[in-house]
Amino acid sequence: MQKQTKIKGFIFDLDGVITDTAEFHYKSWQKLADEEDLFFNREVNEKLRGVSRMESLNIILADQDIPAAKKKEWTDRKNEYYQKYLTEISKADILDNMEAKLEKLKAEGYKLAVGSSSRNAKKVLKQLKITNLFDIIADGNSVERAKPAPDLFLYAAQGLGLKAAECVVLEDAESGVEAALAAEMRVIGLGPESRVGKADLVYANVSEINFEEIIKKL
Ligand code: G6P
Ligand code: MG
């Protein structure tokens, strides 16, 4: 943790931090799994938090060997189901006061970025009507190597014109916390210690996030 460096920007994961699309991902994977007779349940779904679409399918498949073309068809179909759910989301789906918190940070002069593994991130932000709060949106299309590689967060920091040490990441996934640490950024974990315990500061859920505390403590 780079305690001495002044915080100048915040990088927000999207799913599970700004909005809770995890349930839609779950339902979409479950539908595909039922259709293709793949083993899947909520426990397996927990392992998919923060993980890219194809890597999620690989986790579901465990050691089953499936041709690449079939895997592409399956991930495309899962995405079709997911995108149908996305048409239903709106401002009401922003988690606990997050919009007000983002607006306050922006007014205080902090730079704001999204750092999400999702290739649907821009679509989600548009539905939530908060795209313009962010200086840069780094998503699943921005870099090759997904979380836990640091690439996505480094790309976001570069877009903000900030050094890694000046950024704080907010994450709900173990892979995301690892990515932030690999990027040598400070990181706030959201969720149980068992999942995000490696973070510099942990809140059990989004409603407990206290930016004054973060700015003071980190
Ligand atoms: C986020 C979610 C994951 C999801 C990934 C890719 O990180 O937490 O559950 O698999 O994005 O999303 P996409 O919209 O590209 O399928
Ligand atoms: Mg997440």
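Residues numbered from 1 in each chain as written. Chains lettered and ligands numbered in written order. Predicted model: local features only at pLDDT ≥ 70, side-chain atom pairs only at ≥ 80, totals over all residues. Heavy atoms only, no water.

Enquirer: Sorry, what's going on with the pairing of strand β1 (residues 9-12) here?
Expert: Within a regular beta strand, the side chains point alternately toward one face of the sheet and then the other, so they alternate between its two faces. Side chains of β1 alternate between two faces, with G9 and I11 and F10 and F12 buried alike. Bridge count between β1 and strand β2 (residues 111-115): 4 bridges; the pairing is parallel. Note that in β2 the partner of F12 across the bridge is V114. Summarising the sheet, β1 and strand β4 (residues 167-171) pair through 4 bridges and their orientation is parallel. Counterpart to F10 in the pairing with β4 is V168. (Buried < 20%, exposed > 50% of the residue type's maximum accessible area, 1.4 Å probe, protein only. Helix = DSSP H or I, 4+ residues; strand = E, 2+ residues; numbered from the N terminus. Pairing = 2+ DSSP bridges.)

Enquirer: Just checking my understanding: could you explain the coordination of the magnesium ion (ligand 2) for this structure?
Expert: Metal coordination angles have textbook ideals: 109.5 degrees for a tetrahedral set of four donors and 90 or 180 degrees for an octahedral set of six. Ligation of the magnesium ion (ligand 2) by protein atoms is provided by D13 (OD), D15 (O) and D172 (OD), these donors lying 2.0 to 2.1 Å from the ion. Site description for the magnesium ion (ligand 2): donor spacing in sequence, D-x1-D-x156-D. Of the two residues, D13 and D15, both sit in the buried class. (Donors = N, O, S within 2.8 Å, 3.2 Å for Na, K, Ca; no water.)

Enquirer: Would you take a moment to explain the packing of helix α4 (residues 68-86) against helix α6 (residues 121-128) for this structure?
Expert: One can describe the packing of α4 onto α6 by two numbers: an axis separation of 11 Å at closest approach and a directional angle of 15°. The angle between α4 and α6 falls in the class roughly parallel. You can see that α4 and α6 cross each other, and the crossing is right-handed. Contacts from Y82, Q83 and L86 in α4 reach K123, V124 and Q127 in α6. Along the lines of polarity and charge, the residues of the contact of α4 with α6 split into 3 nonpolar, 2 polar and 1 charged. (Axes fitted to C-alpha atoms, helices over the stretch in contact; angles between N-to-C directions. Parallel < 35°, antiparallel > 145°, perpendicular 65-115°, else oblique. Left-handed = near helix turned anticlockwise from the far one by under 90°. Contact = heavy atoms within 4.5 Å. Nonpolar A, V, L, I, M, F, W, Y, C, P; charged D, E, K, R; others polar.)

Enquirer: Any chance you could explain the UniProt feature "active site" (unreviewed entry) in the protein chain here in plain terms?
Expert: Residues annotated by UniProt as "active site" (unreviewed entry) correspond here to D13 and D15. In the annotation above, D13 and D15 are the residues that line the largest pocket. For D13, the location among the structural elements is in the loop between β1 and α1 (22-36). In this structure D13 comes out as buried when scored by relative accessible area, which is 5%. Residues contacting D13, with those up to four places away along its chain left out, are I18, G115, S116, K147, L170, E171 and D172. A distance of 3.2 Å separates polar atoms of two side chains, one belonging to D13 and the other to K147. Taking relative accessible area as the criterion, D15 reaches 17% and is therefore assigned buried. When residues no more than four places from it in sequence are discounted, the contact partners of D15 are T21, H25, Y82, S118 and D172. (UniProt positions renumbered as here; feature names shortened; annotations may be inferred. 1 Å grid on protein atoms, 1.4 Å probe; cavity = no way out; pocket = protein on both sides within 12 Å on 5 of 7 lines; lining within 4 Å. Polar contact = N/O pair within 3.5 Å; in protein donor to acceptor, adjacent residues only side chain to side chain.)

Enquirer: Even after reading the chapter, I still don't get the packing of helix α3 (residues 53-61) against α4, so can you show me in this structure?
Expert: The packing of two helices is summarised by the inter-axis angle and the distance between the axes. For the pair α3 and α4, interaxial distance at closest approach is 10 Å and the crossing angle is 110°. For the element pair α3 / α4, the angle class is roughly perpendicular. You can see that α3 and α4 cross each other, and the crossing is right-handed. Contact residues: R53, M54, L57, N58 and L61 in α3; K71, K72, W74, T75 and N79 in α4. Split by residue class, the contact of α3 with α4 holds 4 nonpolar, 3 polar and 3 charged.

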